[in-house]
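Here are the chains, one letter per residue:
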Amino acid sequence: MQEKKSIHGAWASRWIFILAATGSAVGLGNIWKFPYITGENGGGAFVLVYLFCILLVGVPIMMAEVLIGRRGRQSPINAMKDVARESGHSGKWSFVGWMGVLAGFMIFSFYSVVAGWVLYYIAGMGVGDFIAIGSEDAGNVFNGLLADTQTLLIWHSIFVVMVMLVIVGGVKKGLENAVKFLMPALFVLLLVMLGYSMQTEGFAKGWSFLFHFDVSKLKWDSVLEALGHAFFTLSLGMGAIMAYGSYMPKKTSIGGSVIWIAIMDTLVALIAGLVIFPIVFTNGMDPGAGPGLMFVTLPVAFGQMPGGQIFGFVFFLLVGIAAWTSAISLMEPAAAWLVEKFGWHRIPACTVLGVIVWALGVAALGSFNFMSDVTIAGFNVFDFLDFMTANVMLPLGGLFIAIFAGWFMKRKMAENELAMSSPLLFNAWYIALRFIAPVAVATIFVINLVEKLK
Ligand code: TRP
């Protein structure tokens, strides 16, 4: 078969692919969400389940996404369709891509709101609003922000524009240039922060909170949360990584690249935990504080450390950058599809997408103020979007991708694309994809459903 080419361009090298995918993976999920859900789910045991999910479910499914993308060389919707047909199955498998596009919109809408908070904190740190602030005042600043619709709107809008501006630039000019510099910088700064937190009194306590595995604390909904987060943090189940895979050079090891991405993503999450929890404990705060954890505890710590204004500014700047490089991947599949389907330039495509996600984001942002009494199935809009995507749609999307790649796609095709040197490794991947991942996802789903109905 003749090698297909993507009409959208291609990454310059294997390392650019790894950095771009790591840029997608490392985001608010790692620095904001992972610490606070670990806090809410009691610490170590949750972390252990999460690590298992990354290794046994996340890594095999990520490999499947990359390989489908690279084989199809198109947006996830069209890649699923073509690869299914090539294997002698119905083009209707494109529904996996459609569900992914929908999930991408939904994630983006609350992601952009949180990214807006980050932008606000960048500015606040920059002008010294948090110097010597106490825990109570820091809490008031955050709650004041949530109540202030206008300010939220401004920062949310800015973030939407920032993301769309990169996507307009396309694969090479937009993304490639950014991730090369920003990702290593993020990593270095997290290490600097880790150095700081290691000197706090609460470090040992923070460490044992993260790594002391008390399985008795674990509940079934925590297991679902851990599984859902594994998908979220690796950007799986909606086609983001599939889209990035479609720009990947041909002669690049998929398995080897995916391992790197998973390791870097996991390290960033654990380090973020090791930065945040010691600070939480040192300041006598509650690790189960929820979504405000990063926005209340860190400013307090920055306010007290020497040079904290600068550290705080740079820290939030880097969180903002991490959010930025992630959010791009939420919209790239839809943008690529519009270009493929209608032959549009990226400018109209991004304008349309921008308007849609902006409006959805306004609904998510309203959960904290003018729409606080609107609930769906007992959740406010923000929490509903988060729960539905991370804990339902992404695992479901991942389940379909695993079933497709494991049971429908021709085995030969997978062998060719993965081109693994050892048959043993290939078989390990195949077994994880065909059995372990689907069974794990399905079981956790069913148990949770049963628990809920009880
Ligand atoms: N992985 C990102 C984070 O941890 C969020 C993200 C970007 C994402 N693209 C995605 C999540 C696609 C699910 C699917 O913040």
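Residues numbered from 1 in each chain as written. Predicted model: local features only at pLDDT ≥ 70, side-chain atom pairs only at ≥ 80, totals over all residues. Heavy atoms only, no water.

Let's shift gears to the packing of helix α1 (residues 14-25) against helix α11 (residues 254-282). α11 packs onto α1 with a crossing angle of 35° between their chain directions and a minimal axis gap of 9 Å. As for the relative orientation of α1 and α11, their crossing is right-handed in sense. Along the contact surface, α1 presents R14, W15, F17, I18, A21, T22 and A25, while α11 presents G256, S257, W260, I261, M264 and D265. For the contact of α1 with α11, a count of residues per class yields 8 nonpolar, 3 polar and 2 charged. (Axes fitted to C-alpha atoms, helices over the stretch in contact; angles between N-to-C directions. Helix = DSSP H or I, 4+ residues; strand = E, 2+ residues; numbered from the N terminus. Left-handed = near helix turned anticlockwise from the far one by under 90°. Contact = heavy atoms within 4.5 Å. Nonpolar A, V, L, I, M, F, W, Y, C, P; charged D, E, K, R; others polar.)

To continue, consider the pattern of salt bridges. Side-chain pairs of opposite charge can arise where the charged atoms are in close proximity. Enumeration over the complete set of coordinates arrives at 10 salt bridges. Across the pair E417 and K250 runs a salt bridge whose closest N-O atoms are separated by 3.1 Å. Here E417, found in helix α16 (residues 411-418), pairs with K250, found in the loop between α10 (240-245) and α11; they are 167 residues apart in sequence, far enough to count as distant. The exposure class assigned to E417 is buried, which follows from its relative accessible area of 2%. Taking the shortest distance from any N to any O, the salt bridge between E332 and R346 comes out at 2.9 Å. Here E332 is found in helix α13 (residues 308-342), whereas its partner R346 is found in helix α14 (residues 346-366), with 14 residues between them in sequence. Accessibility assignment for this pair places E332 and R346 in one class, buried. (Salt bridge = Lys/Arg side-chain N within 4 Å of Asp/Glu carboxyl O. Buried < 20%, exposed > 50% of the residue type's maximum accessible area, 1.4 Å probe, protein only.)

In the vicinity of the ligand, 17 residues are found, and the nearest of them are A25, G29, Y111, F232 and S235. N30 is positioned with one of its side-chain polar atoms (N or O) 3.3 Å from an oxygen atom of the ligand. One of the side-chain nitrogen or oxygen atoms of S329 is found 3.0 Å away from a nitrogen atom of the ligand. Elements with a minimum of two residues in the shell around the ligand: α1, α2 (28-40), α5 (95-126), α9 (220-233) and α13. Grouping the amino acids of the shell around the ligand by side-chain chemistry returns 9 nonpolar, 8 polar and no charged. (Near = heavy atom within 4 Å. Polar contact = N/O pair within 3.5 Å; in protein donor to acceptor, adjacent residues only side chain to side chain.)

The next subject is the nonpolar core. W117, M294, F295, F315, F316 and W429 are the most contacted members of the largest nonpolar core, which totals 168 residues. The biggest single contributor to this core is α5, with 19 residues. Once residues lying within four places of it in the same chain are set aside, the contact partners of W117 are W32, F142, L145, L146, L152, P291, F295, F368 and F382. (Core = buried A, V, L, I, M, F, W, Y, C linked by side-chain atoms within 4.5 Å.)

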